[in-house]
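Structural description and commentary
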Amino acid sequence: MSARSFPIGVSGQTHLADIKTLRTRMDGAVIAPEDQEYDVGRRIWNAMIDRRPAVIAQALSSADVVAAIRYARDHDLAVSVRGGGHNVAGHAVGDNSVMIDLSEMRTVRVDPVRSRAWVEGGARWRDVDAATQAHGLATPGGLISDTGVAGLTLSGGIGWLRGRYGLCIDNLVAADVVLADGRLVHASAAENEDLLWALKGGGGNFGVVTGFEFALHPVGPEVMFCAPVYPIEVAESAVSMWRDFLSDKNTEVSAIAEFSTVPQSPDFPEESWGKRVVTLAAVYAGNAADGEELLQPLRDLGNLVSDFSGRMNYCDVQQLFDALMPAGQYRCYWKSHYLSGLSDAAIADIVDGNRNPPSPNTLSSIWNFGGATAAVPAEATAFGDRSMPYMFSIDSVWSAPEDDAVNISWTRDFWQHMQIHSDEGRVYLNFVGLGEEGNDLVQHVFGDNYARLVRIKKKYDPGNIFRFNQNIPPATGP
Ligand SMILES: Cc1cc2nc3c(=O)[nH]c(=O)nc-3n(C[C@H](O)[C@H](O)[C@H](O)COP(=O)(O)OP(=O)(O)OC[C@H]3O[C@@H](n4cnc5c(N)ncnc54)[C@H](O)[C@@H]3O)c2cc1C
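We now examine the packing of aromatic side chains. Throughout the structure, instances matching the rule amount to 14 aromatic pairs. Ring geometry for W160 versus F321: centroids 6.3 Å apart, planes at 50°, classification tilted. Of this pair, W160 sits in the loop between α5 (149–154) and α6 (162–165) while F321 sits in the loop between α10 (314–319) and β18 (331–339), and the two are 161 residues apart along the sequence. Comparing W160 with F321, the two get one shared label, buried. Judged by centre distance (6.1 Å) and plane angle (75°), the ring pair of Y338 and F369 falls under edge-to-face. Of this pair, Y338 sits in strand β18 while F369 sits in the loop between β19 (363–368) and α12 (371–374), placing them 31 residues apart in sequence. With respect to burial, Y338 and F369 carry one shared label: buried. Of note, R164 hangs over the ring of Y284, and the distance from its end group to the ring centre comes to 5.7 Å.

This part is about the sheet that holds strand β9 (residues 184–187). In spatial order, the strands read β5-β6-β10-β8-β9; together these five strands make up an open sheet with antiparallel pairing. With partners counted over all chains shown, the strands left at the sheet margins are β5 (108–111) and β9, one partner each. The sheet shows a mean angle of 15° between the axes of neighbouring strands, taken without regard to direction. Looking at chain direction, strand β6 (residues 116–120) and strand β10 (residues 208–215) are connected through five bridges and run antiparallel. Residue E120 lies in a different strand from β10, and its bridge partner there is G211.

Bringing the domain arrangement of the protein chain into the picture now. For an interface, size is often stated in terms of accessible area lost upon the parts coming together. When its domains are assigned, the protein chain resolves into domain 1 (3–101), domain 2 (108–219) and domain 3 (222–434). Each of domain 1 and domain 2 has a C-alpha centre, and these two points are 24 Å apart. Facing 13 residues of domain 1, the contacting portion of domain 2 comprises 16 residues. Contact between domain 1 and domain 2 buries roughly 1,100 Å² in total, counting both sides, with carbon and sulfur atoms accounting for 63%. In terms of surface lost to domain 2, no three residues of domain 1 exceed S62, I69 and H86, which account for 38% of the buried area on that side. Counting across the domain 1 and domain 2 interface gives zero salt bridges.

The rules behind each value
- All residue numbers here refer to positions counted from 1 along the written sequence of the relevant chain.
- Selection of residues for local features in this predicted model requires a pLDDT of at least 70, selection of side-chain atom pairs for listing and counting requires 80 or more, and totals for whole chains, interfaces and linings are taken over all residues.
- Only hydrogens and water are set aside when side-chain values are computed; all heavy atoms of the structure are taken into account.
- Aromatic pairs are defined between Phe, Tyr and Trp rings, using the six-membered ring for Trp, whenever the two ring centres lie within 6.5 Å; interplanar angles under 30 degrees are classed as stacked, those over 60 as edge-to-face, and all others as tilted.
- Numbering of helices and strands starts at the N terminus; helices are DSSP runs of H or I of at least 4 residues and strands are runs of E of at least 2.
- Classification of residues uses two cut-offs on accessible area relative to the type maximum, computed with a 1.4 Å probe and protein chains only: under 20% is buried, over 50% is exposed, and between them is partly exposed.
- In this scheme, Lys NZ or Arg CZ marks a charge over a ring once it lies within 6 Å of the ring centre and within 35 degrees of the ring normal.
- DSSP calls a pair of strands paired once it identifies at least 2 bridges connecting them.
- Note on geometry: axes are C-alpha line fits, over the in-contact stretch for helices, and angles between N-to-C directions span 0 to 180 degrees.
- Boundaries of every domain are those given by an automatic assignment or by a domain database.
- Any two residues whose heavy atoms approach within 4.5 Å are treated as being in contact.
- Two parts placed together each lose some accessible area; with a 1.4 Å probe, that loss summed over both constitutes the buried area.
- Throughout this description, the term salt bridge denotes a Lys or Arg side-chain nitrogen within 4 Å of a carboxyl oxygen of Asp or Glu.

Set out below in structure tokens:
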């Protein structure tokens, strides 16, 4: 066993003996560095992340989470928490931490009468979509069905229903949380209201969420999905038309203009393989026939490479992009800006930047905002200001470790260049590269909500044992 697998200040022998005790206190598996399952257990979605926790505690219940947190406290170790493991910065796994892995906790229960879903802390969006759509209901999730509900929600959660029903956090009505002192508490409008407010955008700073309660809405089962694909040569005019078209439809239509490279697939004409394109993807979450008619102009610009539009089941829409994003296969570095607008100059810069990325797998998207998302006041949730009309994200994706430097520096250069169009330097905290900007950026993003978050952090996690996240250090002093 390597020396670095032992927690600081604890002898190897004590640690091993205590791991045996932890095994007796948890129903789920407890994996130590010398165990065969260790390398699989510490692996997460981004293949670039290679960190070594002191121990991996695979929880099956809130009681297991309590036991793991008590173990961390007894050994003066920080805690890292894995929900879906999709965080690109790799926050789910921390060196020398107690990594609490919730990926076996995926139960979803639906109460169709109250329009509520209760979702365990390790569920994926596909679990939620399947359970809720069985009743013709849905709550806003992300664009990939394998992403964890927890991490995506705790930093905001941006998906296909954001125009009509807001961010994921806008539908979060209650949560069960295991705190740093090992207590299991409920957070709702009636109890621990400050904790619920902080969970709505403040990330994994405040405890381990073992259950979420979400509000549900009637959706589908059939919705209209629009996805005409245009060549990069006409991208400037296509994206400016997309912008103008959406200007009075941000409540009904949630859209992304996504830049990508055409794969060698029979779904595309052979002459387009390997070429860069932009897809004007959009979902109309109301009546599918109305949506088909409404979204038609996005498909009528000519020069189409292909068109994947059609009426389809909401669950299928939620899984359409999954194949592009396989877990553990690619190395990734993603960054974002909220944009103050989408001027012609901003579009020209985005298109130029997207012509020739170092990796053909790299994606990049413009996301519209407005509607129900923008209607929530900045102080109503920890997430903060909602006035940004667009988000721009650069999702660099490649395979070989020797290509890390070129892809990361290309992404950073493009991101720096786009600062001139940004909404005062604010970014989406789920897309922050490897988090290099640290607390300065976190503080800037939360703006006027930061001071309240620091006070709440001090109340619930004064020792900052939950620090593998977009960290909010607890306030010092009384
Ligand atoms: C392929 C892909 C697609 C994506 N698409 C979208 C999208 O459409 N919309 C969007 O908004 N974002 C999207 N994201 C970003 C995504 O929201 C973040 O990566 C998010 O952190 C993933 O959540 P997770 O639970 O899978 O992550 P993890 O890596 O498991 O965790 C992320 C963070 O949350 C904390 N955490 C996890 N579970 C818990 C818990 N139960 N209690 C407390 N803290 C916890 C962790 O400590 C960590 O800090 C995407 C990411 C990927 C890789």
